[in-house]
Each structure stands twice: as C-alpha cells, then as structure tokens.
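# Chains, contacts and geometry: an overview
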Amino acid sequence: MCESCDSMLEWRTGRLDFSCGCLVMGVLNVTPDSFSDGGQFLDRDRAIEHGLRMAGEGAAVIDVGGESTRPGSRPVCAGEQIARVAPAIRGLSEKIDAPISVDTSDFEVARAALDAGAGMINDITALSDPRMGKLAAECGVPVVLMHMRGVPATMQAEPQYGDVVQEVLEFLLARAGRAEQFGIPKERIFIDPGIGFGKTLEHNLLLLRHIDRFVGTGYRVLAGTSRKSFIGSLTGRERAGDRIFGTAATVALCAAAGVSVVRVHDVAAMVDVVKVAGAVSRCG
Ligand code: PMM
C-alpha cells in the first residue's frame with residue numbers, strides 16, 4: 001500500500017480496510033459472453049447467489065458487469081446493461097456489507113447501478129466520458145481508472161508501444177489528475193494497468209514486472225490478471241477455468257509489490273494467496 005494512503009478507505013456507502021494488505025475483488029459478470037464466466041450468472045438469482053458465495057469466501061468488493069469486454073466483443077447498450085446488472089446489484093446489496101462496484105464505462109449504467117446500491121465505479125475507459133467523473137465526485141464513491149489501448153472489438157490487433165510501462169503510467173497519471181480535478185479525492189482513485197486490454201504477452205509481462213512503479217505513484221493500484229489469455233499462453237491451459245495456478249502466481253507477485261486490490265474469479269483461492277504473499281512481504 002502507498003505510504004500516503006490511510007489503511008482505511010471510508011465513504012458514505014462503504015469502507016475498505018487495507019490494514020492487512022491486498023484485498024480481493026470478486027468478478028460477477030452478468031453477461032452471456034464473458035470469456036471466463038459468460039452465461040453462468042445471467043439469471044438474477046444465480047448472480048446473487050454467486051455474489052453471496054464470493055463475499056462469504058472473503059471478497060472485499062464484488063464487481064458486477066453487464067458487458068463483456070473480451071477481445072473482439074461489441075458494445076452493449078445502456079438499457080441492456082442496466083437490465084442485467086441493476087436487479088443483481090439491488091438484490092446483493094441488501095444481503096452483503098461488502099461494497100459492490102459496477103464495471104461499466106457508460107454513465108447511465110453507472111448512475112442506475114449507484115441507485116440500485118452499488119458503491120464504486122470500475123471504468124475501463126478511465127473517465128473517457130467526463131460525466132462519469134462528475135457522477136463519482138458528486139456521489140462520493142471510489143473509481144477504478146483502467147488503461148486500454150483502443151476498444152475491445154479491435155484492441156488485440158497488433159498493439160504497439162515504445163515503452164509500455166511508461167506510456168501506461170503517464171496515461172493513468174493524467175486520468176487520475178483529471179479525476180482529482182472533478183473533485184474525487186486521491187485516496188478514492190485506483191489506477192489499473194489494464195492487463196490484456198490492447199497488450200501483447202510481452203506488454204502484460206512488463207507491466208506486471210514493473211507494477212511497483214504504479215504503486216510508487218501514491219495512488220492505490222488494482223490489477224486484473226485472473227484467468228486471462230496471457231496465462232493460457234504461458235501455461236498451455238486452453239480453458240480459462242484451468243488457469244487458477246497461473247493466476248495465483250500473478251496475484252502473489254501483485255500482493256507482494258503493494259497492489260491494493262486484485263480482481264479475480266477464484267475468490268477463496270486468491271484470498272489465501274494474498275494472505276500468505278502479504279505476510280511474507282510485510283515481515284522483518
Ligand atoms: N478485466 C476485465 C473486465 N473488467 N476491470 C478492471 N478494472 N481491470 C481488469 O483487468 C478488467 C476489468 C476482463 O475480465 P472478465 O471478462 O473476466 O471480467
């Protein structure tokens with residue numbers, strides 16, 4: 001965790017306690033086509049049940065999304081995203097204390113999700129719509145600002161960088177500065193290098209290898225490596241669900257480097273990983 005940050009992040013509708021190090025965000029995709037859990041939680045009751053299970057396993061945040069952003073995916077309109085996420089968020093927020101974030105870059109969806117009980121915005125376009133920044137500031141909720149090169153439909157078509165770490169870092173610092181100008185306090189801003197979003201295997205590895213540079217900015221860092229295809233490339237595991245050990249390696253490295261939140265599908269396993277990696281990195 002960054003030195004300038006207090007270990008407790010509190011806002012009107014939620015709190016996150018970083019005093020024991022890295023926290024786990026559980027992924028809940030209410031979509032028919034996400035690369036890992038697509039189609040599993042489209043039904044409201046199944047989505048709520050899965051969210052409850054992840055909260056019980058130790059997820060500190062549940063991230064609910066209604067639009068797949070897998071490479072090649074097409075945008076989903078706001079009305080459809082709201083129809084998917086709002087009932088799940090409403091049902092879940094009545095049952096758990098953990099904050100719920102909404103994974104969307106659409107301002108209308110974010111507003112509907114906050115009305116339904118969400119307490120955080122996860123924007124993979126890092127406030128490309130200025131209304132999102134104003135909304136987060138007015139509602140006093142934390143935001144995740146993620147880097148993406150291009151758009152999901154085409155982002156994996158030969159992404160190129162001169163110095164990927166520096167370019168991603170500069171982009172995120174600029175967007176975080178913009179978020180502060182909207183009135184979002186620094187401690188409520190999470191920056192995320194956007195693993196797999198317009199990046200080759202080499203780019204993803206470099207970003208993880210130098211994740212400490214993101215931590216060193218003083219903003220809290222969130223990283224989403226879970227089950228992603230670069231892990232499949234390294235391990236030869238075709239099925240996303242078979243990439244848990246590969247994911248665990250990245251989560252351990254992130255936790256040891258001071259990343260504040262890891263966004264994962266396999267909550268129980270990764271809660272253990274962050275506990276052990278965090279304890280080792282803090283001792284002595
Ligand atoms: N990855 C996915 C979706 N949303 N949000 C953030 N902040 N960071 C990520 O890395 C990220 C994200 C894609 O994974 P999924 O389809 O399993 O949700």
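For the structure, check the block above.
Residues numbered from 1 in each chain as written. Predicted model: local features only at pLDDT ≥ 70, side-chain atom pairs only at ≥ 80, totals over all residues. Heavy atoms only, no water.

### As for the packing of helix α2 (residues 78–93) against helix α3 (residues 107–116)
- For the pair α2 and α3, interaxial distance at closest approach is 8 Å and the crossing angle is 20°. The angle between α2 and α3 places the two elements in the roughly parallel class. For the crossing formed where α2 meets α3, the hand is right-handed. Across the interface between the two elements, A78, Q81, I82, V85, A86, I89, R90 and S93 from α2 touch E108, V109, A112, A113 and A116 from α3. (Axes fitted to C-alpha atoms, helices over the stretch in contact; angles between N-to-C directions. Helix = DSSP H or I, 4+ residues; strand = E, 2+ residues; numbered from the N terminus. Parallel < 35°, antiparallel > 145°, perpendicular 65-115°, else oblique. Left-handed = near helix turned anticlockwise from the far one by under 90°. Contact = heavy atoms within 4.5 Å.)

### Brief notes about the pairing of strand β9 (residues 220–223)
- Here β9 shows a buried face lined by R220 and L222 and a second buried face lined by V221 and A223.
- One ladder, built from two bridges, connects strand β8 (residues 189–192) with β9; its direction is parallel. Bridge pairing in β9 places F190 opposite R220.
- Examined bridge by bridge, β9 and strand β10 (residues 261–264) share two bridges and lie parallel to one another. Bridge pairing in β10 links L222 to V261. (Buried < 20%, exposed > 50% of the residue type's maximum accessible area, 1.4 Å probe, protein only. Pairing = 2+ DSSP bridges.)

### Things to note about the sheet that holds β8
- Pairing is parallel around the closed barrel formed by eight strands, whose spatial order is β3-β4-β5-β6-β7-β8-β9-β10. Neighbour-to-neighbour, the strand axes of the sheet open up by a mean angle of 25°, direction not taken into account.
- Pairing between strand β5 (residues 100–103) and strand β6 (residues 120–123): three bridges, direction parallel. Bridged to V102 within β6 is I121.

### Observations regarding the side chain of T104
- As for its position among the elements, T104 is in the loop between β5 and α3.
- With a relative accessible area of 2%, T104 lands in the buried category.
- Separated by 2.9 Å, the side chains of T104 and Q81 make a polar contact.
- Residues within four places of T104 in sequence aside, it is in contact with Q81, V109, A110, I121, N122, D123 and M132. (Polar contact = N/O pair within 3.5 Å; in protein donor to acceptor, adjacent residues only side chain to side chain.)

### Some remarks on the site of the ligand
- Around the ligand lies a shell of 16 residues, among which N122, D192, K228, R263 and H265 are the nearest.
- Contacts to the ligand include K228, whose side-chain N or O atom sits 2.7 Å from an oxygen atom.
- In the environment of the ligand, an oxygen atom lies 2.8 Å from a nitrogen or oxygen atom belonging to the side chain of H265.
- A total of 420 Å² of accessible area belongs to the ligand in isolation, and the protein chains cover 98% of it.
- Where the shell around the ligand is concerned, the elements lending two or more residues are β3 (23–29) and β7 (143–146).
- Split by residue class, the shell around the ligand holds seven nonpolar, five polar and four charged. (Near = heavy atom within 4 Å. Areas by Shrake-Rupley, 256 points an atom, 1.4 Å probe, with all protein chains shown as cover. Nonpolar A, V, L, I, M, F, W, Y, C, P; charged D, E, K, R; others polar.)

### Focus on the pattern of salt bridges
- One pass over the full model with this rule turns up eleven salt bridges.
- In this structure, D103 and R263 form a salt bridge, with 3.2 Å as the shortest nitrogen-oxygen distance. Here R263 lies in strand β10 and D103 lies in strand β5, a separation of 160 residues in the sequence. Each member of the pair, D103 as well as R263, is classed as buried.
- R227 is paired through a salt bridge with D266; the nearest N and O atoms lie 2.7 Å apart. Taken together, the residues span a long stretch of sequence, with R227 in the loop between β9 and α8 (229–235) and D266 in the loop between β10 and α10 (267–282) at a distance of 39 residues. Assigned by exposure class, R227 and D266 land together as buried. (Salt bridge = Lys/Arg side-chain N within 4 Å of Asp/Glu carboxyl O.)

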